[in-house]
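Observations on the three-dimensional arrangement
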Amino acid sequence: MRHKGLTRFALAAALVLLAAPAFSESFPLDVELGYRFVSVSGNEEMYRSQINEREGFLLRSLTLSTADFGGSSTMFDKLRLDVSDIGAGPAGAIRLEVGKSEIYRFRFRYARWQHFSALPGFANPMLASGIVPGQQTYERLRNVYDAELEIMPGKVFTPIVGFTYNRYTGPSNSTIRVGEDEFRLNQSFESYDAEPRVGFALNAGNLNVNFLQGWRKYHEVETSVLTPGAGAGNGSTAILGQQQTLISYSRTATTDVNIPVTTASAAYQLGCWAKLSGTYVRASGMSDTQGPTDLDGTLVGFDIQRFFGGLNETVSSSVDNSYWRGAVRADVTVLDGVELTGGWRKRHRELTGFELLSQIFYNTSTYSGASAPNVSRVLNIHNGLERTDETFDAGLVLRKLGPFGLRGGWGQTKQTTELSEAVAEIVVPGGQSGIYDRKVNTYDAGLTFAMWGITLGAEYRGDKAEQSIVRSDFTSRNTWRARASWDLKKFVRISGSGLWVEESNDTAGINSRGNFSQYGGDFILTPITELSLRFSGSRYRADTYMPILNPINFATIPSAHLEDGYALEGGLGLNFKVFKLEASGGEFKNTGSFGFKIDRFRGRVEIPLVKAFALVGEWAYDKYTETVYTYGDYKANRYGVYARWSAF
Amino acid sequence: MRTRTILPGGILLLVALLLLVGLVPGLTLAAPAGGAKADPLANSVCASCHGDQAKAFLSNPHNAGLKAKGWSADAVCAACHTGGQKHAESGGDKALVKSLKGVTGAESCLTCHDRIGDHPCSLCSPVGAQASQGRLTDTASHTTGAHAPQPAVNCLSCHSIHSSDFKTAKLLVKKQLDLCGSCHPTVVASFRNKPYGHKVGRGGVDCTSCHEPHGRLGKNGLKLTRAAELACVGCHSEKKGPFVYPHVGEMTGDSCLTCHEPHGSNNMKRLKRARVDQLCLECHTRLGANVLGSQPPSIHNLTQPRWQNCTTCHPAIHGSNRSPRLLK
C-alpha cells in the first residue's frame, strides 16, 4: 500500500516539476517540492500528538493563479490553484477555483489531516505506576472533499450543484467497563459524512434569493475487540474472592444518519439606503444505531447480583431530530457613514431518543457459588430534549468621524432547555431533567482612531445574565480589548494588543470567578529592504475558581485552574539576490497548574540557482518539557530539502 | 501503535495532470501556437504611463470580470480610479484622479461588493450564492460587521488590489495568519505558544476556516455551516450527532466552546482546564440553584489517576447512542 502511494507521489512530483517551467512561461506559478527528514528523541508519541510532522516527500506549496489567458482560452477565464503541505503531512489542502464569465464557476477543496493521539496523562489509570501512554489513543485520517458548481453566475437564475464528503478512518484503543472491572479494547473506526446538494441563486433586480437543498447521510461503523493480553483488566484485586477476567469481547456498532438540510435566504436592496434580509434553515431527520456485543469471561455484576461467564447484548436505538433556524435583519444607511442594523433570530431543536437494550447473562452463579439460571434483562428507554434560543440585537456604526470610527450595540438572547428524564440515567437524583431558562443581555462598544501612522482601538463587551443553565455559565462577564500600532514609513512598526476578561457567577452555591489576561507587543525593524528584524513578547494569565463537590465524600473542594505564561520571540530576514534567509527562535513558559516549557527555532535558506529555480533548506526544532512529569518530554528536529520554481 | 506515512499520490497526480492539460494549445489555458497573444493593452492610455501596473492587472480577477462584459482596459481602471481622463490630459496631475486609500477608498469597493442588483462584474456574484458556503445573509455584512470600513481598518487594510501576495487568495495583502496576526497578535500567538492547538497556516486550517472576517459582531464572527451549526462540526462530523444521549453541545447550544479552547490549550484535548475532572465536576456538582448537571456517585475517588480522567470510563463524551452515562 505504501509502495503504491510512494510511486504515485513520485510520479506526480516528477510531472509537476516537468510541467512547471513550461507552464510558467505563460502563467504565474510557484511550486515547492522536496523531502523532509525527522529526528525525534524522547517521547515520540507525544511529539506525534502535538506536531506529527512525518518524514517523507512533501509538496510544500503550489500556487497557480491567473485571469489572463490572452484571449486563447475556451474553457477558463479565471483559474486559481493552491496546494499546501500535501504528502508527509500532517495537514494539507488543495483548493481549485476555475470559471468562465457568465458560463460557470467551479470550486473544489480537498483537505486532509492525520490525527494522532497517544498521550501519557490522558485517560490513563496507570499513570501513577509510570505506565504510558494512556488507554484512549488513536491514529486517524480525515479526508474532506467539497465541490460546487454554479452555472451562469451573476445571471438572473443561477443553478448550483454541490457535493461534500468527509471520511474519517483509523484504528484506536479504548476501554470498556464490564462487570466491575475495565478492559482495554482495540478498535477500528470508519465513518463518512456525505451531502449532495442542489439549489439556485435568483438575482432579480434588487432581490437576491438563494435556495439549497442538501441530503446529509452519515454512516459509521466501529468494531471493538479485546486487546490481546488485556484479559486481566485494569483492576488487580479480586472482587468477592474472584479475579475479574475477560476471555473475549466483540462489538460492532453501526450508525446511520439521514438528515435533509434546507437553506434559504433572501436579500432585498431598498434604494441605496437599506438592505433587508432573511434566512431560514431546516435540518430534521433520523439516526439509527445497531450494536451487538458478545463477551466471555469470569465476571461479577453487582447490578444483577451474580457472577457471570458471558453476555450477549443487542442495542437498537434511534433519534428523531427536528431543527430549524430563522432570522430577519435590516441594515439601514441613515446618513453617509452612519449605519444602523437590527435583527431577530430564533432557533429551535427537538430531539426524541429511543433505545431498546436486550441483555442475556450466561453461566451465572450466586455470590455463594451456587449455579443460577441465565439472567435476561430488557430496557426500553425514552429520552427527550427541546431547546429554543431567541435573539434580538441592534447596532450603530459611525464610520466617518474624521480619524475616528465608533460603534455600539445591544443584544438580548433568551435560552430555554427542557429535558425529559431517561430512567436508566439516574444514579444520584437531580439535575438531569426539567426546564432551564436563561436570559443574557449583551452590550458592546468600540472606538478606533487612525492618523499619522498611529492606529488605536479599544473595545468593550458586557454580558449580563440573571441565572445560569449549567454551573459554568457566567452571570456577569466583562471583556476589554485594546490595540495600538505605529508605522514609521516602512522602517519601523511597533504594535501592542491586550485582552482582559473577568467573569463571575454569584449564584449561591456556585460563586465562581475567572480572570483572563493576554497582552503582548511586536517590534519590526526594516532598516533596509534586504533586512528585517522582529521581536515580540507576550504574557498570558488565566485564573479561575469554582467550588465543586468531591464525589467520594461530597465535601466541598475548590476547582482552581491557573495558567501563567510568557512568550519571547525574535527573528530576522535577509533577502539578497544570491540567497534569502529567515530565522527565528523563541520560548514559551507556563508556570500554572500544568507547567511546561516550549523552545522553538526555525530556519529557512533559499539559494537561487538558475532562472526561476531555487534550492531551499529548512530546519525546525522543538523542545517540549513538562514541569511535574517527564513522561512526555521530547526534542524534535525536522530538516527539509526542497526545489522551488517561482515565476510570477 | 502502528505508525505510517500516508501519501495522497492520487490527488497530487490529478493536480499534475491538470497542469499538463493546461499546456495543450487552444484547448484550455495555453497561449496560441507561436505565442502570438493579442496585446490587450495596445490602445490603453493608462498603460502608456502605468505599464507595469497595467500588465500585472491583466491577471487580476477584477480585470477579467469586467473585460468579459466588453470593458476596455482604460474603462477597467476608471471603474475605481475616477477622473482618469482629466489626470491623463493634465499630464499626470495626481490630484485629478481618485486614489483609493482608507475609508473613502473602501467606499469604492462597497459600490460593487455590498450591493444587490445589477453588477458590472461577470465573474462573481458578491452577495449571491453565499449561503452555499455557509455565509448566511444575516450573519455577515461589509458595512456593519466587525471589520466594517473605518479609518483604522477597512477593505484596503487586508486586501491589496494591485500588490497582493501572489500566494494568497482573495487578493490578501499577505498570508492569512500574518495578516490577522497584525491586529490580533496574541490570538495568533496562542497557536504557537500552547502545546495543543489546531495546525493553523499549514494546509487544512486557516483563520477563515472558523471565522467569517466580514461577520457581524457577536460570537467572534464564528462561521456557521449550511445547517447553521458551528464550523467545528463541518470537519468533526462524527461529533455532530444527533445522539440518543446528547452531552453538552446539544443541551447548552452549539457550544463546543463550553469545554474546548480551539486556539491553543495546555490540555491535551484542548480543554479549558488542565485536568479533565475539574472541567467535568464544575458542571457535575449538585451545589447551587436549579442548574442542569448530574452528580457523580461516590465511587469516584479523585485521588487516583483513573478518576481524574473521566474519559477513561466515559469515552463517548460527545454523545452516545448506547449508554446514557456515555460509557460507550
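Nothing here was measured: the structure is a model prediction, and the numbers come from that model.

1. So, the overall build of chain B
Regarding its fold elements, chain B presents 15 helices and 2 strands. For chain B, contacts bridging at least 24 residues in sequence account for 47% of all contacts bridging at least 6.

2. Here's the deal with the overall build of chain A
Counting secondary structure elements, chain A contains 2 helices and 28 strands. Across its three principal directions, the C-alpha atoms of chain A cover 90 × 60 × 55 Å. Taken across its 648 residues, chain A has 38% of its residues classed as buried. A sequence separation of at least 24 residues applies to 58% of the contacts in chain A between residues at least 6 apart.

3. Describing unusual backbone geometry
The omega angle of the peptide bond from A:Val132 to A:Pro133 is -5 degrees, so this bond is cis rather than trans. Note on placement: A:Pro133 falls in the loop between strand S5 (104-117) and strand S6 (137-151). Residue B:Pro242 follows B:Gly241 across a cis peptide bond; omega there is 5 degrees. If you trace the backbone, B:Pro242 turns up in the loop between helix H12 (232-235) and strand S1 (245-246). The backbone of B:Arg270 sits at a positive phi, close to 55 degrees, despite the residue not being glycine. Mapped onto the secondary structure, B:Arg270 falls in the loop between helix H13 (248-251) and helix H14 (276-283).

4. As for the interface of chain A and chain B
Opposite the 206 residues of chain A that make contact, chain B presents 133 residues. Residue composition of the side of chain A that touches chain B, grouped by class: 85 nonpolar, 83 polar and 38 charged.

5. Some points on the environment of A:Phe211
Checked against the element boundaries, A:Phe211 lands in strand S9 (residues 207-226). When residues no more than four places from it in sequence are discounted, the contact partners of A:Phe211 are A:Gly199, A:Phe200 and A:Ala264.

6. Points about helix H5 (residues 73-80) of chain B
All names here are of chain B. Taken residue by residue, H5 has Ala 73, Asp 74, Val 76 and Cys 77 as its buried positions. Seen from one end, H5 has its buried residues packed into an arc of 160 degrees, which puts them on one side. Residues of H5 that are buried make contact with helix H2 (45-49), helix H3 (51-57), helix H4 (61-67) and helix H6 (84-89).

7. A word on the pairing of strand S8 (residues 181-204) of chain A
All names here are of chain A. Bridge analysis of strand S7 (residues 157-178) against S8 gives 22 bridges, and the strand direction is antiparallel. Bridge pairing in S8 places Phe 157 opposite Leu 202. Once S7 ends, the chain turns through 2 residues before running back antiparallel as S8, passing Gly 179 with a positive phi of about 60 degrees. Bridge count for S8 against S9 is 18 bridges, and the pairing is antiparallel. Bridge pairing in S9 places Ala 204 opposite Leu 207. In this structure, the hairpin formed by S8 and S9 is closed by a connection of 2 residues, where Gly 205 is found at a positive phi of approximately 60 degrees.

8. Structural notes on the pairing of S9(A)
In terms of strand pairing, S9(A) meets strand S10 (residues 245-270) of chain A through 19 bridges, oriented antiparallel. Bridge assignment links A:Asn208 to a residue of S10(A), and that residue is A:Ala267.

9. A look at the nonpolar core
If you look at the biggest cluster of nonpolar residues, it comprises 27 residues, and the most contacted ones within it are A:Leu59, A:Leu62, A:Leu64 and A:Val83. Those elements that place two or more of their residues in this core are strand S1 (29-42), strand S2 (56-66), strand S3 (78-87), strand S4 (91-100), S5 and strand S28 (634-647) of chain A. Here this core takes 5 residues from S2(A), the largest share from any one element. In terms of nonpolar packing, the next biggest core, distinct from the first, is built from 22 residues, A:Phe122, A:Ala567, B:Leu179 and B:Val188 among them.

10. Considerations on the environment of B:Pro61
Mapped onto the secondary structure, B:Pro61 falls in helix H4. Residues B:Pro61 and B:Ala140, spaced 79 residues apart in sequence, show a C-alpha to C-alpha distance of 23 Å.

11. Observations concerning the confidence of the model for chain B
Residue and element names in this part refer to chain B. Per-residue confidence for chain B gives a mean pLDDT of 79, with 79% of residues at or over 70. Here H13 is the element of chain B with the lowest mean pLDDT, 64, and H14 is the one with the highest, 92. A low-confidence stretch, residues 1-7 stays under pLDDT 50, and its non-local contacts, those more than four residues away or across chains, total 18 contacts. On the interface metric, ipTM, the complex scores 0.90, and its pTM is 0.90.

12. Here we look at the confidence of the model for chain A
Averaged over all residues, the pLDDT of chain A is 90; the fraction at 70 or higher stands at 94%. Here helix H1 (residues 2-24) of chain A stands out as the element of chain A with the lowest mean pLDDT, 64, in contrast to strand S27 (residues 613-626) of chain A, whose mean of 96 is the highest.

13. Examining the environment of A:His561
Residue and element names in this part refer to chain A. Residue placement: His 561 occurs in strand S24 (residues 555-575). Given 23 C-beta atoms within 10 Å, His 561 falls into the buried group. Distance from His 561 to Thr 544, taken between C-alpha atoms, is 5.2 Å for residues 17 residues apart in sequence.

Procedures and definitions
- Within each chain, residues carry numbers counting from 1 in the order of the written sequence.
- Chains carry letters from A onward and ligands carry numbers from 1 onward, assigned in written order.
- Reporting of local features is limited, given that this is a predicted model, to residues whose pLDDT is at least 70; pairs of side-chain atoms are given and counted only at 80 or more, and all residues count toward the totals for whole chains, interfaces and linings.
- Only DSSP runs of H or I covering at least 4 residues are called helices, and only runs of E covering at least 2 are called strands; the numbering of each starts at the N terminus.
- With C-beta atoms placed from the backbone, a contact is any residue pair whose C-beta atoms sit within 7 Å.
- With C-beta atoms placed from the backbone, the exposure class of a residue follows from how many other C-beta atoms lie within 10 Å of its own: 20 or more, buried; 12 or fewer, exposed; in between, partly exposed.
- Just so you know the grouping, Ala, Val, Leu, Ile, Met, Phe, Trp, Tyr, Cys and Pro go in nonpolar, Asp, Glu, Lys and Arg go in charged, and all remaining residues, Gly too, go in polar.
- In this description, the arc belongs to the directions extending from the helix axis to the C-beta atoms.
- Paired strands are those between which DSSP finds at least two bridges.
- Nonpolar cores are identified as sets of buried Ala, Val, Leu, Ile, Met, Phe, Trp, Tyr and Cys residues joined via C-beta atoms within 7 Å.
- The predictor attaches a confidence to each residue, called pLDDT, with possible values from 0 through 100.

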